[in-house]
Amino acid sequence: MLAKNNQASKTNAVRILERENIEYTLHEYDISDGLLDGVSVAEKTGQSLKEVYKTLVAKSSNGELFVFLIPVSLELDLKKAAKAAGVKKIEMLPLKELTKETGYVRGGCSAIGMKRNYPTFIDQTASLLDKMIVSAGRPGVQMSITPTALASVTGAACVDLVKG
């Protein structure tokens, strides 16, 4: 069953999921306090830190972009990310370039519906979950989706990405 949404929640990501008949559930939360980090979002939505994933965009030395989804309480291991992407070195995309490259803003960056389809990788911990919570494409809106559906719609591979 698809979630019923008002027009305010119709982000690029939501439109793509509906077009592909992929099930999801939206979770809206208050952003007036300015807290957009993943741990705060998990607390605001009452979701487990193990289920809420942040979307990170990184760039290789030749300018190629990659998308990584990892649990909000963990840190991306840049060496593991570079290995997964098949490049020598990778660094985080500067925040000032995020909107220009993805079409999304900080706190609302979704792996679904970016300006281009960048190679995407989901941390392997997602394979242990029935559902994961990711950005729905704008601050204040998250969505529950199965890891399999997210991997399918983004073309993502599940690999080890986190430090530890």
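Residues numbered from 1 in each chain as written. Predicted model: local features only at pLDDT ≥ 70, side-chain atom pairs only at ≥ 80, totals over all residues. Heavy atoms only, no water.

Undergrad: Would you take a moment to explain unusual backbone geometry for this structure?
TA: Comment: phi is negative for the bulk of residues other than glycine, and the bulk of peptide bonds are trans. Phi at Asn 21 takes a positive value of approximately 55°, unusual for a residue other than glycine. Mapped onto the fold, Asn 21 is located in the loop between α1 (12-19) and β1 (25-28). The class of Asn 21 is exposed, set by a relative accessible area of 62%. (Helix = DSSP H or I, 4+ residues; strand = E, 2+ residues; numbered from the N terminus. Buried < 20%, exposed > 50% of the residue type's maximum accessible area, 1.4 Å probe, protein only.)

Undergrad: Would you mind going over the environment of Arg 15 with me for this structure?
TA: Locating Arg 15 in the fold gives a position in helix α1. Separated by 107 residues in sequence, Arg 15 and Ile 122 place their C-alpha atoms 21 Å apart.

Undergrad: Help me understand the sheet that holds strand β5 (residues 120-123) in this model?
TA: Strand pairing in a sheet relies on backbone hydrogen bonds, with the paired strands running either antiparallel or parallel. Strands sit in the order β4-β2-β3-β5-β8 across an open sheet of five strands; the sheet is mixed. Of all strands in the sheet, those with a lone pairing partner are β4 (90-92) and β8 (157-159), marking the two edges. Between one strand and the next, the sheet's axes are offset by a mean angle of 35°, whatever the strand orientation. Summarising the sheet, strand β2 (residues 53-60) and β4 pair through three bridges and their orientation is antiparallel. (Pairing = 2+ DSSP bridges. Axes fitted to C-alpha atoms, helices over the stretch in contact; angles between N-to-C directions.)

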